[in-house]
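A look at the structure
One-letter residues, chain by chain:
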Amino acid sequence: MVAPRFVFLDPDGTGAGGWLYAVVEARTGVFYQQQYGGTACRQGQVEGFLVPLFGPEGLAALRGLFEKDFRGAGTCNHPWPDDERDRLRGAVRYWASDGTTEVPHALRLDENRIREADEAWVPVITPDGPAVLVWLNSD
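To keep things clear, this report deals only with the structure shown in the data block. This is a predicted model, so every value here is computed, not measured. (Residues numbered from 1 in each chain as written. Predicted model: local features only at pLDDT ≥ 70, side-chain atom pairs only at ≥ 80, totals over all residues. Heavy atoms only, no water.)

If you trace the backbone, Arg113 turns up in the loop between β7 (108-109) and β8 (122-126). Here Ala131 takes part through its backbone oxygen, which lies 3.1 Å from a polar atom of the side chain of Arg113. Those residues in contact with Arg113, other than ones at most four positions away along the chain, are Glu25, Pro123, Val124, Pro130, Ala131 and Val132. (Helix = DSSP H or I, 4+ residues; strand = E, 2+ residues; numbered from the N terminus. Polar contact = N/O pair within 3.5 Å; in protein donor to acceptor, adjacent residues only side chain to side chain. Contact = heavy atoms within 4.5 Å.)

And the structure:
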C-alpha cells in the first residue's frame, strides 16, 4: 500500500491569484489541502484528483461575491438565500474528457453541502462526480 500524499495548494500564499481548480473526490491517496474562508483562515482537505478550470469571468464572479460582497470574512453557517445561490450556480465551466474528446459542462452547486460553501471552497457536482471548487483565498 502506498502512503497517502498531501498537496497544499499555495502553501506560502505567494501564488498568482488567477488559478481555479476542481478537486474531484475519489480514492486516489492524494489529499489536497487548502486555506479558505477569507480572513477566517479555515483549513480544508479533500482526497481526489485536481482538474484545472479555465474561465476568468467565472473566477472574477466568485471573487466579487466572496471578497467584495462578503468582504473576505468567510461565510461559515451563512443561510445562502436564493439570489446568492444563483450567483454561485453556473459561474464556471468544467471540461470533461473521455480520453478522446473534451466537452464543456457547467458545474452544479452541490445544494446538499451548501453550508460548507465559503470563499475558495465551494462544493460542486461535476460530470466526474462530487468536487470542491478551490481558488486563491483572499486573506
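Don't stop here, the text continues.
The subject of this paragraph is the nonpolar core. Residues Leu53, Phe66, Leu88, Leu133 and Trp135 are the most contacted members of the largest nonpolar core, which totals 35 residues. Residue assignment for this core shows that the elements contributing at least two residues are β2 (20-25), β3 (30-36), β4 (42-52), α1 (56-69), β5 (93-97), β8 and β9 (129-135). Among the elements that take part in this core, β9 stands out by supplying 5 residues, more than any other. If we skip the residues at most four places from it in the chain, Leu53 touches Leu20, Tyr21, Ala22, Val92, Arg93, Tyr94, Leu107 and Leu133. (Core = buried A, V, L, I, M, F, W, Y, C linked by side-chain atoms within 4.5 Å. Buried < 20%, exposed > 50% of the residue type's maximum accessible area, 1.4 Å probe, protein only.)

With that settled, consider the packing of aromatic side chains. All chains considered together, the criterion is met by 5 aromatic pairs. Between Tyr36 and Trp121, the ring centres sit 5.0 Å apart and the planes meet at 20°, which makes this aromatic pair stacked. Taken together, the positions of Tyr36 in strand β3 and Trp121 in the loop between β7 and β8 put the pair 85 residues apart, joining distant regions of the chain. Using a relative accessible area of 13% as the deciding quantity, one classes Tyr36 as buried. Each member of the aromatic cluster is reached from another via a ring pair, and the members are Phe66, Trp80 and Trp135. (Phe/Tyr/Trp six-rings, centres within 6.5 Å; stacked < 30°, edge-to-face > 60°.)

With that settled, consider the pairing of β8. By the criterion of burial, β8 is predominantly enclosed, with 4 of the 5 residues buried. Bridge count between β7 and β8: 2 bridges; the pairing is antiparallel. Its bridge partner being in β8, Leu109 is matched across the sheet by Val124. Sheet topology places β8 next to β9; 5 bridges connect them, and they run antiparallel. Within β9, the residue paired with Val122 across the bridge is Leu133. Where β8 folds back on β9, the antiparallel hairpin that results is connected by 2 residues. (Pairing = 2+ DSSP bridges.)

For Asp10, which is not glycine, the phi torsion reads 55° and is therefore positive. Along the chain, Asp10 turns up in the loop between β1 (5-8) and β2. Given the relative accessible area of 17%, Asp10 is considered buried. A positive phi is found at Cys41, a non-glycine position, where the angle reads about 50°.

Within the open sheet, the 7 strands sit side by side as β1-β3-β4-β2-β9-β8-β7. Their pairing is mixed. Two strands in the sheet have a free side with no partner beyond their single neighbour: β1 and β7. Packed on one face of the sheet, α1 meets β2, β8 and β9 and runs near 70° to β9. (Axes fitted to C-alpha atoms, helices over the stretch in contact; angles between N-to-C directions.)

Once that is clear, we can look at the pattern of salt bridges. Summed over the entire model, instances satisfying the criterion amount to 4 salt bridges. Here Arg42 makes a salt bridge to Asp118, at a shortest N to O gap of 2.9 Å. Pair noted here: Arg42 is in strand β4 and Asp118 is in the loop between β7 and β8, with a separation of 76 residues, a long-range link. Arg42 sits in the partly exposed class, given a relative accessible area of 23%. Overall, the relative accessible area of 2% leaves Asp118 in the buried class. When salt bridges with common partners are traced through the structure, they connect Glu25, Asp110 and Arg113 into a single cluster. (Salt bridge = Lys/Arg side-chain N within 4 Å of Asp/Glu carboxyl O.)

None of the figures reported here should be taken as evidence of function without further support.
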